There are 6 protein chains.
Amino acid sequence: MPHFDLPLDQLRGYRSQVAEPDGFQEFWDATLAQARGFDLDAVFTPVDSGLRTVATSDVVFRGFAGAPVRAWLHLPAHREGPLPGVVEYAGYGGGRGLAHENTVWAAAGYAHLVMDTRGQGSGWRGGVTADAAPEAGDPAAPGFMTRGIADPDSYYYRRVFTDAVRAVEALRAHDGVDPDRVAVAGGSQGGGIALAVSGLVDDLSAVMADVPFLCDFPRALSVADSDPYQEVVRYLKVHRDRVDQVMRTLAHFDGSVMARRAAAPALFSVGLMDGVCPPSTVFAAYNAYAGAKDIAVYPYNGHEGGAEHHQVEKFRWLAATL
Amino acid sequence: MPHFDLPLDQLRGYRSQVAEPDGFQEFWDATLAQARGFDLDAVFTPVDSGLRTVATSDVVFRGFAGAPVRAWLHLPAHREGPLPGVVEYAGYGGGRGLAHENTVWAAAGYAHLVMDTRGQGSGWRGGVTADAAPEAGDPAAPGFMTRGIADPDSYYYRRVFTDAVRAVEALRAHDGVDPDRVAVAGGSQGGGIALAVSGLVDDLSAVMADVPFLCDFPRALSVADSDPYQEVVRYLKVHRDRVDQVMRTLAHFDGSVMARRAAAPALFSVGLMDGVCPPSTVFAAYNAYAGAKDIAVYPYNGHEGGAEHHQVEKFRWLAATL
Amino acid sequence: MPHFDLPLDQLRGYRSQVAEPDGFQEFWDATLAQARGFDLDAVFTPVDSGLRTVATSDVVFRGFAGAPVRAWLHLPAHREGPLPGVVEYAGYGGGRGLAHENTVWAAAGYAHLVMDTRGQGSGWRGGVTADAAPEAGDPAAPGFMTRGIADPDSYYYRRVFTDAVRAVEALRAHDGVDPDRVAVAGGSQGGGIALAVSGLVDDLSAVMADVPFLCDFPRALSVADSDPYQEVVRYLKVHRDRVDQVMRTLAHFDGSVMARRAAAPALFSVGLMDGVCPPSTVFAAYNAYAGAKDIAVYPYNGHEGGAEHHQVEKFRWLAATL
Amino acid sequence: MPHFDLPLDQLRGYRSQVAEPDGFQEFWDATLAQARGFDLDAVFTPVDSGLRTVATSDVVFRGFAGAPVRAWLHLPAHREGPLPGVVEYAGYGGGRGLAHENTVWAAAGYAHLVMDTRGQGSGWRGGVTADAAPEAGDPAAPGFMTRGIADPDSYYYRRVFTDAVRAVEALRAHDGVDPDRVAVAGGSQGGGIALAVSGLVDDLSAVMADVPFLCDFPRALSVADSDPYQEVVRYLKVHRDRVDQVMRTLAHFDGSVMARRAAAPALFSVGLMDGVCPPSTVFAAYNAYAGAKDIAVYPYNGHEGGAEHHQVEKFRWLAATL
Amino acid sequence: MPHFDLPLDQLRGYRSQVAEPDGFQEFWDATLAQARGFDLDAVFTPVDSGLRTVATSDVVFRGFAGAPVRAWLHLPAHREGPLPGVVEYAGYGGGRGLAHENTVWAAAGYAHLVMDTRGQGSGWRGGVTADAAPEAGDPAAPGFMTRGIADPDSYYYRRVFTDAVRAVEALRAHDGVDPDRVAVAGGSQGGGIALAVSGLVDDLSAVMADVPFLCDFPRALSVADSDPYQEVVRYLKVHRDRVDQVMRTLAHFDGSVMARRAAAPALFSVGLMDGVCPPSTVFAAYNAYAGAKDIAVYPYNGHEGGAEHHQVEKFRWLAATL
Amino acid sequence: MPHFDLPLDQLRGYRSQVAEPDGFQEFWDATLAQARGFDLDAVFTPVDSGLRTVATSDVVFRGFAGAPVRAWLHLPAHREGPLPGVVEYAGYGGGRGLAHENTVWAAAGYAHLVMDTRGQGSGWRGGVTADAAPEAGDPAAPGFMTRGIADPDSYYYRRVFTDAVRAVEALRAHDGVDPDRVAVAGGSQGGGIALAVSGLVDDLSAVMADVPFLCDFPRALSVADSDPYQEVVRYLKVHRDRVDQVMRTLAHFDGSVMARRAAAPALFSVGLMDGVCPPSTVFAAYNAYAGAKDIAVYPYNGHEGGAEHHQVEKFRWLAATL
């Protein structure tokens, strides 16, 4: 059934039942402090992407536990003065891709940093960053969703979210960038990461989360009919005795919890026929979001959401916001 | 089975059994002459696409029977002198899209014209050009493949190929373009159209046809397991008495026939697991292609073919060729 | 889930939220007046269908904008005096078929006219009537549901419904038919067309609408999980900015609106597991139907509904009604 | 792949490797003699089908082991003198249906007997005849294909084929029928039964077998990708030690064996994309058929084969043959 | 949607609307009395299963109408004194299997009788017991669910449930078994049979029903999306006039009715994502169960339910209960 | 098509084209030497599995790089003297399971060690052993097939095969086991591991490989239509430039290479409709196997192969061989 989730008027009032877990603040404070114990060491190396209007650098910086994380930095080839910046996170399974693959924010006049997602990048857009962590080999279902899920400390997204916070710092470290005008953005997993960063970094200027993933896990596991949420379901099918344990871990990474700590203005988008990131899970985060906010609703779209049509909205919104 | 078609060594020698139909030359000469009986009337109207590194114009020109055809022209915002150009045709079901959607050749330093495909543009990338022709409402199976298929004169692709030839003329008509250095390009249907143009326009400088569609129809109808080739199969399931008639029509539009008339250097690509445009149909056109040629073989790819990986190859090849 | 729609007791009270659009009456008055500005020119040419108990004629009459529309007229080979008649409309994708294909009402003693649906007839039962209209080539998703959907004037079903009204006139024009005893009938799209005719023709004697299509579009787009309703969803997926415009067009053709104007006695049928024409959309039309009415509910059937079992009900009901 | 079976030129020469089993003649002689040990007791009871041009009788006669088998006899309502007749057998899962459902041969001027298939008739067209036999409850996979498959004596189709022979006798026993002009016909399973009758009854006048089932079992189990042949595959998946035993049973019922004994003129049809009754299995029977023969080849059709298009061919062929 | 059925808190209060049919008690009293009119004749023949720690006997006893039913009896190879016993019934489509296939209760120290299900055993685990009954060949949809469904007297599960009661008697008849400590158990169909036996045999010591089938048929036909419940839906799709008749038959075999008569302590299990035996149908039986009871809820499991994880629960529960 | 691979007579002669890579011997010598640089430290801790006829111990030993690997050791509860042993490896995605889950070889009188597969055990049978290795987080497609695939040194199966060799040593280290009579066994991935061990351990007494995985990778990637082989295809779809590199890695782990070094008697099995481990890949290993060998061919089975039917064959064969 196309509209399988709650009707729109109920979505607008829907609230997740996930509570912020005890020790949430301390957990993330300690995590980020640990990462910042390593120098950022952001290095920018120009490459020839084949494009002429955009200048691209290969980026490496230190993320979680100081491990190297890769990114691309795209800048307009012709530019003057420091630029406002956009840090973009990738959808599930993809990496930063090839140097020319995704330069839209640079083409629109911004400094555009595309972060590689550790371990990912063999599903659609390629990636090169390893998930260098002892827990990476813990028993898990295929995919990244249950990697280290037994505990918040070992969970995969602890490392990813930390990398993402450090990526903002890496962009700000570039001398072509105005560090006071930085947005984070992403679709699906990228949107979920952007929401996490919105709750973990105080001084962002804007957040754009399209059809965000990683929100309201209990609801998501109940209504999403496909991967990647179903990876957790498959894990729990086998590990029947770990439901509470897994739910406790996930609460530390839930976009509907992170959003309560956010302050920057945010633009969300949602597809009402999205079976991958169901609309109720998106509204769970949106309704909880503590900053100024707006949401674009695409009633007949699935997980593609607003796509390029919404890109136009984002061009306008970001120009007005940043 | 992933590798469902012939093994690669047989593909390299495979030849289509489609003969050039009698009157083929006259058919196309008359068709193009008729179209050229109308002024081209190419009009370029600047638009704000949201991008800053690329300048875009809305284009309208007269195509088949003088009907208006739309396109985008993208140019690097900072440029000097006339540029070499690329005319790009869209994959099946898509149109020219929004103004910022597809600007890669402009970003790479070329004048980049993206033609709308008449009637299409409601399947993935949007379009706005009508298939303004009396035959558009003839009984046909859903889709564009059997529209007017009863006769070469009324067949849908007669109109599309003519538009495509005129699109080359429209690009050449722009004063920022070097008319002696124009390439045509496209993937899937766009590749099929590019091949048709390679056979219908004498003085092209380069042809890039990725996983081209519309090649070696009899083979395609036998081995392709999905749309759009299956649209013809569904039509013939009902119209059991029109097999020969339909095959005669299709021979006038077959990329493996068109390729025999081509002269420009060409770069093909093929995915050996491509069930949409099976590798034997691609090699049917490649092996018949009369100009200088090369083909990139992606052994474990389906219809996505080389995608962005192959884009890098095209950057290199076109820079060396044009 | 087999029973995916509302439970039966709620279905019996369900009401569509589609309002009759402003100017509806004028729109249809003008449309039919325009068509009637052309002579009907109904011509009946006997053919040999291979059957001996039924005599069949090839029919052509003028439909929308005077364009020719084809049909079959079947009469019992042995008959006396003028017969009551049944005009039957085809399901989506089918045409009138071959001369012997569908003669059941003639075999039951009626004059039976089977109308070809313009443009259709390449999906299951063959057809030969073109959708001869300038708008036929407007950008649309494959299929007929979005052809000309940008405006009520250009919408495909404006032409089809007009043809259908003229088909009643064509049957009445035959001298073997009693023009005061004419029913309209059809299943799925045919049922939707019959409902439209029930609202557009005042003096019908009976209406039989099985699992009717084209009813309560907003609900249908929300709950139907397959084509043809999904064609509109696919269109709106791309043309995200046209939702209101499309809904306005569709309201002019909605069976739940048409039914409010009907007067003839009607027999509906519905399958409670019908994912193509969901039961709530059928009840939306049934509950709104202004004439005497009954509905046969098939609790464990999908879109096949009552099929031949219901045909027996229709034999009885029509004999008692006409 | 649409054309998954042998190419047409190889199909025309293809021969089944199934040999006639020892004792085949004796097996069938004894089987039919046993059945004929019971009186036929064909009783014809007029019913009101709702049709006026065709007069229908409910038929009951004694089939295998004297058990009652039901059928419909349809005659043109207006007729003179004894008519040639057609005995029609149903496709898999269907029964004789309702009284008005299938009267096409009567409408075409023949006496038309539609036999119920014992046990079947709950899948698509309804049926009422029980498979009254002690072996009916033997362990078997769901469906009819493996019922009693352990031995030719207990196999389900021994009973069905015997019923089918007796059905010819029942039609001949009606005084409105010319017993010297009787054809047998059917599609899919009905075609397989018709082929069996062609080998078991000496004095038939014509045989029409469309996309026949039950032919060249070893080939069918290797290439058919769907039910009902797959029922046997599923049975053998569990009963891994009965492959030879099952193949021996099936050889007694194989259309490619039966066809070697046929004498009446025959018209076959085949769809080259038929995954249910693959073309090689149809040609196995056709190429073995010992009587005069022709075959209509539908290159782009699946199991629907020629359908109503081929019905026109059968009208012509039967009129010329009978 | 994974959680397609009622939420857990509503499941805990859900009640089936199926009433015990009139004459239910008499129907079953007469049925069992008829079966007990035959001697049980339980015969135990040792076989070599290949195992060394478990000793297995081939069992045959007289079931419904005195027909032979097969089973395996597994005993620990090293044992002292009479053992408590478990009679286990198989899931749909399976039989008793090979001698070594399922010996878990014997390995755990119990006398373990695995009953063959008449007619079944060609779908996954093999079987050898025929459904020797005249009604076995009645018209029915493929599968066992609609065999003889026209009447409670002829319904397939009348015979199966009677066999199952007699199987308890057969186990008790073995001199290595303590007849006062006998449990019944099974998953899916086996669970449904165990529930039936819980209502038909007074002096059981324990009942273990995992994801039981055959419960609350009207609900099941509305929400189950797959076989075997869908077999009944398919039957009713064709036999549209037998809905009430079929529902009346099924009420005599409904686990939610049987459970009201149970007295032995019971352990249920349920998977909240089970689309084969939906959770509401399991809770319909559980909530109605008249004896002491507990239920293990597996929130992220489908029809596999608790599987080996739940086996550990059963080891503990049965040791504490028996 | 059920029989999608080569016909059986060609399978019997089929040879893989994979050559033993240069340095293969040294690679494995060094790998095993490195692992044996750590003490085996096999520890056996009795647990209560719930079973009474089998005594089970939790096992931990040091595998690749000395990391802990878990297993179960099952022994008959009543036994005398040292027993012959079977080391069993699990199918893809499964772990050692719960203590009672898989004890068949102990029930048959053998010492039965079930090794956990590092990282796996969240797909069907649970597991607890981590893939403790720095390379575990390298960019890879979901699943285990491409983990560390960039190089033989980092490839996942290097670690698994080493664990498997050490598991044989762990079983031999138990004082209830006769170290001179040890077999290895497994199905699918377990069969592939068993084949690897057959090539890496000189003094095995028997090898049982059912429908083995990890054989003849180039062929497998060409013909297998499902996971896990498709994981590699998906990886290569993205990493188009690593085909040769990946093939080089895989050659070090290919069962068709390993088999050339085997010496112990072996029993294989194969399902001719197996789309997961296609029959040609199984025969590639079987035909290359250097020891005494036999293969059971199941013509109508898929990846389930001979299952419990073949278990009986293995009981017989192992008793005769060991």
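Residues numbered from 1 in each chain as written. Chains lettered and ligands numbered in written order. Predicted model: local features only at pLDDT ≥ 70, side-chain atom pairs only at ≥ 80, totals over all residues. Heavy atoms only, no water.

### Some points on the sheet that holds strand 8 (residues 266-271) of chain F
Residue and element names in this part refer to chain F. A sheet is described by the order of its strands in space; here nine strands give the open sequence 1-2-3-5-4-6-7-8-9, paired in mixed fashion. Sheet topology places strand 1 (43-47) and strand 9 (293-298) at the edges, where each strand pairs with a single neighbour. Strand after strand, the sheet turns through a mean of 20° between neighbouring axes, direction not considered. Contacts between helix 5 (residues 189-200) and the sheet are confined to strand 4 (83-89), strand 6 (177-187), strand 7 (206-210) and strand 8, with strand 6 contributing the most and set at about 135° to the helix. Its contacts with the sheet place helix 11 (residues 307-321) against strand 4, strand 6, strand 7, strand 8 and strand 9, and it is angled at close to 170° to strand 7. (Pairing = 2+ DSSP bridges. Helix = DSSP H or I, 4+ residues; strand = E, 2+ residues; numbered from the N terminus. Axes fitted to C-alpha atoms, helices over the stretch in contact; angles between N-to-C directions. Contact = heavy atoms within 4.5 Å.)

### Observations regarding the interface of chain A and chain F
Taken together, the contact pairs 27 residues of chain A with 27 residues of chain F. Note on chain A versus chain F: buried area summed over both sides is about 1,700 Å², and carbon and sulfur give 56% of it. Taken together, the links from chain A to chain F amount to zero salt bridges. Across the contact surface, chain A and chain F share eight residue pairs in polar contact (both at pLDDT 80 or more). (Buried area = accessible area lost by both parts, 1.4 Å probe. Salt bridge = Lys/Arg side-chain N within 4 Å of Asp/Glu carboxyl O. Polar contact = N/O pair within 3.5 Å; in protein donor to acceptor, adjacent residues only side chain to side chain.)

### Section: unusual backbone geometry
In this chain, Asp 227 of chain A is followed by Pro 228 of chain A through a cis amide linkage whose omega measures 0°. Here Pro 228 of chain A shows up in the loop between helix 6 (217-223) and helix 7 (229-238). Not every positive phi belongs to a glycine, and Ser 188 of chain E is a case in point at roughly 60°. Looking at the secondary structure, you find Ser 188 of chain E in the loop between strand 6 (177-187) and helix 5 (189-200).

### Focus on the UniProt feature "binding site: substrate" (unreviewed entry) in chain A
Residues and elements named next belong to chain A. Look at the UniProt record and you will see "binding site: substrate" (unreviewed entry) annotated at Tyr 92. Assessed through its relative accessible area of 17%, Tyr 92 is described here as buried. With residues up to four places along the chain from it excluded, the contact list for Tyr 92 reads Gln 120, Trp 124, Gly 143, Phe 144, Met 145, Tyr 157, Gln 189, Phe 213, Pro 228 and Glu 231. (UniProt positions renumbered as here; feature names shortened; annotations may be inferred. Buried < 20%, exposed > 50% of the residue type's maximum accessible area, 1.4 Å probe, protein only.)

### What about the interface of chain C and chain A?
Much of the literature gives interface size as the accessible area that the parts lose upon coming together. Listed by partner, the interface residues are 14 residues for chain C and 14 residues for chain A. In this assembly, chain C packs against chain A so that about 1,100 Å² is buried in total across both faces, 60% of it on carbon and sulfur atoms. Taken together, the connections running from chain C to chain A amount to one salt bridge. Among the salt bridges present, the one from Glu 304 of chain A reaches Lys 237 of chain C, with a minimum N-O distance of 3.8 Å. Our count for the chain C to chain A interface comes out at six residue pairs in polar contact (both at pLDDT 80 or more). Contributing elements (two or more residues each) for the side of chain C that touches chain A: helix 6 (217-223), helix 7 (229-238) and helix 8 (243-251) of chain C.

### Let's talk about the relation of the copies chain A and chain F
If you rotate chain A by 180° and push it 0.0 Å along the axis, it lands on chain F with an RMSD of 0.0 Å. Each copy turns onto its partner about a two-fold axis. Identified as the residue of chain A closest to the rotation axis by C-alpha distance is Pro 142 of chain A, at 2.4 Å. Both copies contact each other with a shared surface, as 100% of the interface residues of chain A are interface residues in chain F too. (Least-squares fit on C-alpha atoms with pLDDT ≥ 70 in both.)

### Here we look at the relation of the copies chain C and chain A
The two copies are related by a screw operation: chain C maps onto chain A through 120° of rotation and 0.0 Å of translation along the axis, at an RMSD of 0.0 Å. Both copies of the chain, as the preceding transformation shows, are related through a three-fold rotation axis.

### Thoughts on the pattern of salt bridges
Residues and elements named next belong to chain C. All told, the structure shown has 114 salt bridges over all chains when counted by the stated rule. For Glu 135, the salt bridge identified is with Arg 159, shortest N-O distance 3.9 Å. Taken together, the residues span a long stretch of sequence, with Glu 135 in the loop between strand 5 (111-115) and helix 4 (156-172) and Arg 159 in helix 4 at a distance of 24 residues. Under the relative-accessibility criterion, Glu 135 is labelled partly exposed at 23%. By relative accessible area, which is 1% here, Arg 159 ends up buried.

### Here we look at the arrangement of the chains
Separating chain B from chain E is a minimum C-alpha gap of 26 Å, and the two share no contact. One finds no contact linking chain C with chain F; the least C-alpha distance across the pair is 26 Å.

### Here's the deal with the UniProt feature "active site" (unreviewed entry) in chain A
Residue and element names in this part refer to chain A. Listed under "active site" (unreviewed entry) in the UniProt record, and renumbered for this structure, are Ser 188, Asp 274 and His 303. Spatially, the listed residues are clustered: although they cover 116 residues, their C-alpha atoms lie within 10.7 Å of one another. With sequence-adjacent residues up to four places away left out, Ser 188 is seen in contact with Asp 210, Val 211, Pro 212, Phe 213, Cys 277 and His 303. Along the chain, the position of Asp 274 falls in the loop between strand 8 (266-271) and helix 10 (279-288). Ignoring any residue separated from it by four or fewer positions in sequence, one finds Asp 274 in contact with Phe 4, Val 211, Pro 279, Asn 301, Gly 302 and His 303.

### Observations concerning the packing of helix 2 (residues 24-36) of chain E against helix 4 (residues 156-172) of chain E
Residues and elements named next belong to chain E. The contact between helix 2 and helix 4 brings their axes to 10 Å, and the two run at 60°. Considered as vectors, helix 2 and helix 4 are oriented oblique to each other. Classified by chirality, the crossing of helix 4 by helix 2 is right-handed. Residues Phe 27, Trp 28, Thr 31, Leu 32, Gln 34, Ala 35 and Arg 36 of helix 2 pack against Tyr 157, Arg 158, Phe 161, Thr 162, Val 165, Arg 166 and Glu 169 of helix 4. Its residues placed into classes, the contact of helix 2 with helix 4 shows seven nonpolar, three polar and four charged. (Parallel < 35°, antiparallel > 145°, perpendicular 65-115°, else oblique. Left-handed = near helix turned anticlockwise from the far one by under 90°. Nonpolar A, V, L, I, M, F, W, Y, C, P; charged D, E, K, R; others polar.)

### Regarding the packing of aromatic side chains
For the structure on display, the rule yields 114 aromatic pairs over all chains. For the pair Phe 144 of chain C and Tyr 156 of chain C, a centre-to-centre distance of 5.4 Å together with 35° between the ring planes defines the contact as tilted. Of this pair, Phe 144 of chain C sits in the loop between strand 5 and helix 4 while Tyr 156 of chain C sits in helix 4, and the two are 12 residues apart along the sequence. Tyr 156 of chain C carries the same exposure label as Phe 144 of chain C, and that label is buried. Seen from their ring centres, Tyr 92 of chain E and Phe 144 of chain E are 5.9 Å apart, and the 75° between their planes marks the pair as edge-to-face. Of this pair, Tyr 92 of chain E sits in the loop between strand 4 (83-89) and helix 3 (104-107) while Phe 144 of chain E sits in the loop between strand 5 (111-115) and helix 4, placing them 52 residues apart in sequence. Lying over the aromatic face of Trp 72 of chain A, Arg 96 of chain A brings its terminal NZ or CZ to 3.5 Å of the ring centre. One Lys or Arg, Arg 219 of chain A, reaches over the ring of Tyr 14 of chain A and ends 5.7 Å from the middle of that ring. (Phe/Tyr/Trp six-rings, centres within 6.5 Å; stacked < 30°, edge-to-face > 60°. Lys NZ or Arg CZ within 6 Å of the ring centre and 35° of its normal.)

### So, the environment of Leu 8 of chain A
All names here are of chain A. Inspection of the secondary structure puts Leu 8 in helix 1 (residues 8-11). Sequence separation between Leu 8 and Leu 200 is 192 residues, and the spatial gap between their C-alpha atoms is 30 Å. Sequence-distant contacts of Leu 8, that is, excluding residues within four places in its chain, are made with Leu 272, Phe 283 and Val 297.

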